[in-house]
Amino acid sequence: MSRPALPSLLLAFLFLVAGLLLAFVIGRYPISLADVLDVVAAKLAGRAADVPPAVESVIWQVRGPRVIAAALVGAALAVAGTAFQGLFRNPLVSPDILGASSGAALGAVLGIYFSLGVFAIQALAFVGGLIAVAAVYAIGSAVRARDPVLVLVLTGVVIGALLGAGVGLVKYLADPYNQLPAMTFWLLGSLAAVAPSDLLPLFGPVTLGTLVLLALRWRMNVMSLPDEEARALGVPTGGLRIAIVAAATLVTSASVATAGIIGWIGLVVPHVARTLAGPDFARLIPAAALLGGGFLLLIDTLARTGAAIEIPLGILTALVGTPFFIWLLTSVAKTWS
Amino acid sequence: MILAGHNLTIGYSERVVGRNLDIALSTGEVLALLGPNGGGKTTLLKTLLGLIPPKGGEIELGGRPLANYTSRERARLIAYVPQSHAATFAFTVETVVLMGRTAHGNLFSRPTPADRAVATRAMERFGIIDLRERPYTMISGGERQLALLARALAQEPQFIVLDEPTASLDFGNQGRVMREIRALGASGHGVLFTTHDPNHAMRAADRAYLLRQGVRLGEGAVGQVLGRAQLEALYGTPVQLITDAGGGHSAFLPG
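Residues numbered from 1 in each chain as written. Chains lettered and ligands numbered in written order. Predicted model: local features only at pLDDT ≥ 70, side-chain atom pairs only at ≥ 80, totals over all residues.

Overview of unusual backbone geometry
Residues and elements named next belong to chain B.
Point 1. With a phi angle near 50°, Glu156 is a residue other than glycine that sits in the positive phi range.
Point 2. By the element assignment, Glu156 lies in the loop between α5 (141–154) and β7 (159–162).
Point 3. Given 16 C-beta atoms within a 10 Å radius, Glu156 is considered partly exposed.
Point 4. The phi dihedral of Gln213 is positive, around 50°, even though this residue is not glycine.
Point 5. By the element assignment, Gln213 lies in the loop between β9 (207–212) and β10 (215–221).
Point 6. In this structure Gln213 comes out as exposed when scored by C-beta crowding, with 12 C-beta atoms within 10 Å. (Helix = DSSP H or I, 4+ residues; strand = E, 2+ residues; numbered from the N terminus. Buried ≥ 20, exposed ≤ 12 C-beta atoms within 10 Å, placed from the backbone.)

Okay, here's the thing in structure tokens:
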């Protein structure tokens, strides 16, 4: 019954590596695996690669940033989903639940509506996500109830609906020729526009938030017990809950700001990771990050190459996520109380 | 060391459940809290644990107000055994027991080898060492109760507070848990538990505390407090006392 730590994490790591290699090799401009490895090895050794300049340019300027962004965004959404599911002791919770995604969405469509630059749009998405979660948290804490977690989740649903109405209003008012397509594209999720300069604003917050969650891994195990039990075990649940929600929101907002709304990863991947690595967050968080990165790499490769036009990521993840969610609902009674 | 509540008013934000309650528990003694449903047993328990603040009066632990303890300091002195419940995640029994060590580490620490040794001793004591790798979600209710007892012991507390430790257990496991509670008292812990069965109080406790509709009906050594008349007053139902002619043990029957 024990789950050896190494094989499960090794498996997840190999999945990520497979996703990375596939994503580099497959595309409009096919590149052989040998060329990819040669270019990377050459860069590391500081010599010139023995490949056509076009290949090198595709790898470093076009495909590389997109591949790295896909791995980071997938990992971020999966880690955030893992944290939220543990914190709310509920398998049907995802990063969208506290309004992080819908807040970020409203921020971004407002940025597009006011014709702001790319960086300002990302910053607005980021701020929108944080404000939405802060509002949900303030309202949820103001309501004195026996089950603070349930109140938070319900508040998140209500605020999410309000923000969704805001997004709808901005889309309704937007210029249907210049702005609306950009908004729609962004709301459905895409990595097509990722440039090398986008990577640092993504990498920083995702790493910071994930490190905070990793540092709290044992306390997160205890936090998945009922609130009173966790407090009786000596865990100050109020402050820790704020820290975990803030870290997970930071990670979510950064990925939404880069790639738009990509649903389902934060719901599906934590389950797969838990099946693979067990419920202990010390192994669960790394497993979820590796699997989430690999999963979005596969999805994004499919999005780039599956059809004559780019397929929005949110649509592909929904195609995978919906059947999974239905299966989860039918099996939930067996594994969750 | 003494855990004591003086002139407590207990309840939730909008509702007072009990008033003028005085209760004291010393290390090395077992106190049973008896009373009908809705009488305030669990509320009193959680107030003494510091999980809900008293609406009036004060609680002292080792001569210091309980409210002045941090949750970590408190957890090193008082352990809580909730009613055994199904868990959300399939942690192993060992991980569940190790969670009792949380208050002995800092915010970022993981259980150390020393913590594992303490957890192993606790599992051995309750005879669940063979279950250490089993998921907590896949063991029986009786085994879960023993795992929660082992977790409380791994906390290395002075006091252990149990909420209906025998509820939903079969007859054999009820006896087992009663024996363990007696042993915990004998090994120097102060033990407080609620129960619906006066016979469990008779078998496991030194003293009993009778609580009806938030009012203390009586308190004292089980032999003095647990009589037919007191139990009839406590539960509002006729009670029979039957005595084993051979051993001299007696038991109560309701109705």
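More follows now that the structure is in view.
Here's the deal with the interface of chain A and chain B
Interface extent is often summarised as the accessible area lost during association of the parts.
Point 1. Counting from both sides, the interface comprises 24 residues of chain A and, opposite them, 28 residues of chain B.
Point 2. For the side of chain A that touches chain B, the elements supplying multiple residues, two or more each, are α9 (217–223) and α10 (227–232) of chain A.
Point 3. Here the residues of the side of chain A that touches chain B sort into 12 nonpolar, five polar and seven charged. (Contact = placed C-beta atoms within 7 Å. Nonpolar A, V, L, I, M, F, W, Y, C, P; charged D, E, K, R; others polar.)

Observations concerning the sheet that holds strand β1 (residues 2–12) of chain B
Neighbouring strands of a sheet are bound in pairs by backbone hydrogen bonds; such pairs are parallel or else antiparallel.
Residues and elements named next belong to chain B.
Point 1. As summarised here, the arrangement of the four strands in space is β2-β1-β4-β5, forming an open sheet in which the pairing is antiparallel. In this open sheet, the two strands that pair with only one neighbour each are β2 (15–26) and β5 (64–65).
Point 2. Summarising the sheet, strand β4 (residues 56–61) and β5 pair through two bridges and their orientation is antiparallel. Paired with Glu60 across the bridge in β5 is Pro65. (Pairing = 2+ DSSP bridges.)

Quick look at the sheet that holds strand β6 (residues 78–81) of chain B
Residue and element names in this part refer to chain B.
Point 1. Taking strand neighbours across the sheet as the criterion, the six strands line up as β6-β7-β8-β3-β9-β10 in an open arrangement whose pairing is mixed. Of all strands in the sheet, those bounded by a partner on one side alone are β6 and β10. On average, adjacent strands in this sheet sit at an angle of 15° to one another, irrespective of strand direction.
Point 2. Where strand β3 (residues 30–34) meets strand β8 (residues 190–195), five bridges bridge the pair, whose relative direction is parallel. (Axes fitted to C-alpha atoms, helices over the stretch in contact; angles between N-to-C directions.)

Comments concerning the domain arrangement of chain B
All names here are of chain B.
Point 1. Looking at the assigned domains, one finds that chain B contains domain 1 (1–77 + 158–173 + 183–255) and domain 2 (87–156).
Point 2. The gap between the C-alpha centroids of domain 1 and domain 2 is 25 Å.
Point 3. Contacts between the two partners involve nine residues from domain 1, matched on the other side by seven residues from domain 2.
Point 4. Its residues assigned to classes, the side of domain 1 that touches domain 2 shows four nonpolar, two polar and three charged. (Domains from an automatic or database assignment.)

Overview of the confidence of the model for chain A
Point 1. Scored by pLDDT, chain A comes out at a mean of 88, with 96% of its residues at no less than 70.
Point 2. In the model of chain A, helix α14 (residues 313–335) of chain A stands out as the element of lowest mean pLDDT, 81, in contrast to helix α13 (residues 281–305) of chain A, which has the highest, 96. (pLDDT = per-residue confidence, 0-100.)

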